[in-house]
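# Results of the structural survey
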Amino acid sequence: MGGKTIQELKDIANKLRVLSIKATNASNSGHPTSCMSMAEIISVLFFDTMKYKLSEPRDPASDRFVLSKGHAAPILYAAWAEAGLFPEAELLNLRKIDNDLEGHPTPRLNFIDVATGSLGQGLSVSCGMAYTGKYFEKASYRVFCLIGDGESAEGSIWEALSFAGHYKLDNLVAIFDVNRLGQSEPTMFQHQMEVYQKRMEAFGFNALVIDGHDVEQVVKAFEAAAAFKGKPTAIIAQTYKGKGIAGIEDRENWHGKPLGDKGKAFIEDPANNKTTAGSHHITPPANDVTPNDNSPITLSEPPSYKLGEKVATRLAYGTALVKLGKSSDRIIALDGDTKNSTFSDKFRAAFPDRYVECFIAEQNLVGVAIGFGTRGRKIPFTSTFSTFYTRAFDQLRMGAVSQANIKCCGSHCGISIGEDGPSQMGLEDIALFRSIPGCTVFYPTDAVSTERAVELAANTQGICFIRTGRPNTAVLYANDEPFAAGKAKVVRKSSSDVALVVGAGVTLYEALSAADTLAAQGINIRVLDLFTVKPIDVEALKSNAKECGGRIVTVEDHYPEGGIGEAVSSAVACCRDIVVKRLAVSSIPRSGLPQELFEMFGISAKHIVNAVLEVKDL
């Protein structure tokens, strides 16, 4: 495609090795040997195979490249410099604090879609990109993901392989750089290429084994992948770490070390410095995708519930998702085989072409969603039990680094699910999502606020978490009640409140029941519904607490660590004369009826009453 001769591509490969050595020597850190094993692959990809625009590296119509083995970032940077995106001299600023050429790729750079470096995640994201191109956009762009043989031991890679094979993503090419050596010792299968080939074939891939340093074989492999239909392609390239450097090639104990003088002869060899940056013809992509649409998305119709009507928030989530889907085809729904419990199946029934079943593979579920959201193409909503997001915490953590725009709904939170027992109870989910930088954590209490939370999440850039419950709960809010992230709601108050009780979800109803009990004794309390745990409404907490004598009681269906109690305590930490009494699920629960569990684990109305009586005289 790029019109390069085999010799020119060889020369470019060696030039990329030179630049990788120079960059890592300049920073005195990095992974040059990991770069050198993949030099021919990168040369062919960037200067013969891929279609892209230098003027707009993240053009929606361009081919995608994901470097899953993110520690080899220097050669990726070198390829873009060689293509002419920025001067070669910039590579010498690798890993400096005032430069965006970081140790591992991040989207701070205009040619990076997702952050990589926590290994095993690039293929899931690539699957999301490829699925978007093949099924949603029906576009011609292709997706290339380069994976290290060491990281291929990660289970997330096998989840992604299974997904790609199942959905026949023939616009996806997974390239395995099988250089035999891991960080501390040889990899599991070293150069047993037939093992890799059989495994790829078992997952439904067109598997090609090549010599990754033979440029002609690399070119032919990419051409074969482009022509092959009905299956994704795996190019399994036998390579050597540190290729080209005497005494280092295929030797252990050189991972993550600059080569210093060891690479001097290679750098100084004129044969390795033949290519002039910026002199390449890059094949542009076809202009066959629609422009990005960033307009706000609203519910197709407002909530329509009766006050007091009992509706589970998980059901309201499914209803809202369908309403968003009617308003915009940018809305995509994914689930991990829990759709009939999370009620994402309502979206599937309405928009089967925009629903993606990811099966019981939560790491891949989140990774695919991140891929859907790249380049501003789609707004993905993932759904599963809230507790199962713990499996995907690393994907979510890296999603934040990737500036990902994904929405996560976790149903069946807390002990309120009852008889299923502790393995199914999301009791760490608020802590998990609160810890993610930039994440918005919605905890709606009733059906109306749930629908509005879903609408707000669709229009909030970044990662959002919506916590929904299993039980049917009464509608508290009028259908036209306005909601905003970071704005709490006072649902009960008087002029003589002795304490502020803060809850969300099922515990808000316990707080209201406690308020009735205390009112019968002549004691008034104020009840506040947080709506979002992050951002938390600091001003509402402070002002209402002061009006209630500086006494706060928090009650939550969550473990104490990282939940509502700690969020509220942090919000008022700098305020004098405010005390916070925290009620939470303080030990591992068990099976039982929800109300029995509320009593046993200290978050029922009775315990709230006792907590208020304890703090009211302080």
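Scroll up a little and you will see the structure.
Conventions adopted
Residues numbered from 1 in each chain as written. Predicted model: local features only at pLDDT ≥ 70, side-chain atom pairs only at ≥ 80, totals over all residues. Heavy atoms only, no water. Buried < 20%, exposed > 50% of the residue type's maximum accessible area, 1.4 Å probe, protein only. Helix = DSSP H or I, 4+ residues; strand = E, 2+ residues; numbered from the N terminus. Pairing = 2+ DSSP bridges. Right-handed = clockwise from strand over helix to strand, strands pointing away. Contact = heavy atoms within 4.5 Å. Core = buried A, V, L, I, M, F, W, Y, C linked by side-chain atoms within 4.5 Å. Expected span 1.5 Å × (residues − 1).

## Thoughts on the pairing of strand E9 (residues 379-385)
With seven of its seven residues buried, E9 lies for the most part within the structure. With five bridges connecting them, strand E7 (residues 331-335) and E9 associate as parallel partners. Looking at the pairing, Asp335 lines up with Ser383 of E9. Pairing geometry for E9 and strand E10 (residues 407-411), over five bridges, is parallel. Note that in E10 the partner of Thr382 across the bridge is Cys408. Handedness of the crossover joining E9 and E10 through helix H14 (residues 393-401): right-handed.

## Focus on the side chain of Glu510
If you trace the backbone, Glu510 turns up in helix H17 (residues 506-519). Once you skip the residues sitting within four places of it in the chain, Glu510 turns out to touch Gln595, Phe598, Ile603, Ser604, Ala605 and Ile608.

## Structural notes on the nonpolar core
Counting 79 residues, the largest nonpolar core has Leu396, Phe433 and Leu541 as the members making the most contacts within it. Sequence-distant contacts of Leu396, defined by excluding residues within four places in its chain, comprise Val366, Tyr389, Ile406, Cys408, Leu432, Phe433, Ile436 and Ile463. Among the nonpolar cores identified, the runner-up in size contains 50 residues, and Phe46, Ala83, Ile112 and Ile210 belong to it.

## Digging into helix H5 (residues 122-136)
Helix length check: H5, at 15 residues, gives a terminal C-alpha distance of 20 Å against a target of 21 Å (1.5 Å per residue), a fit within 8%. The buried fraction of H5 is high, at 13 of 15 residues. Lys138 lies just past H5 and shows a positive phi near 50 degrees.

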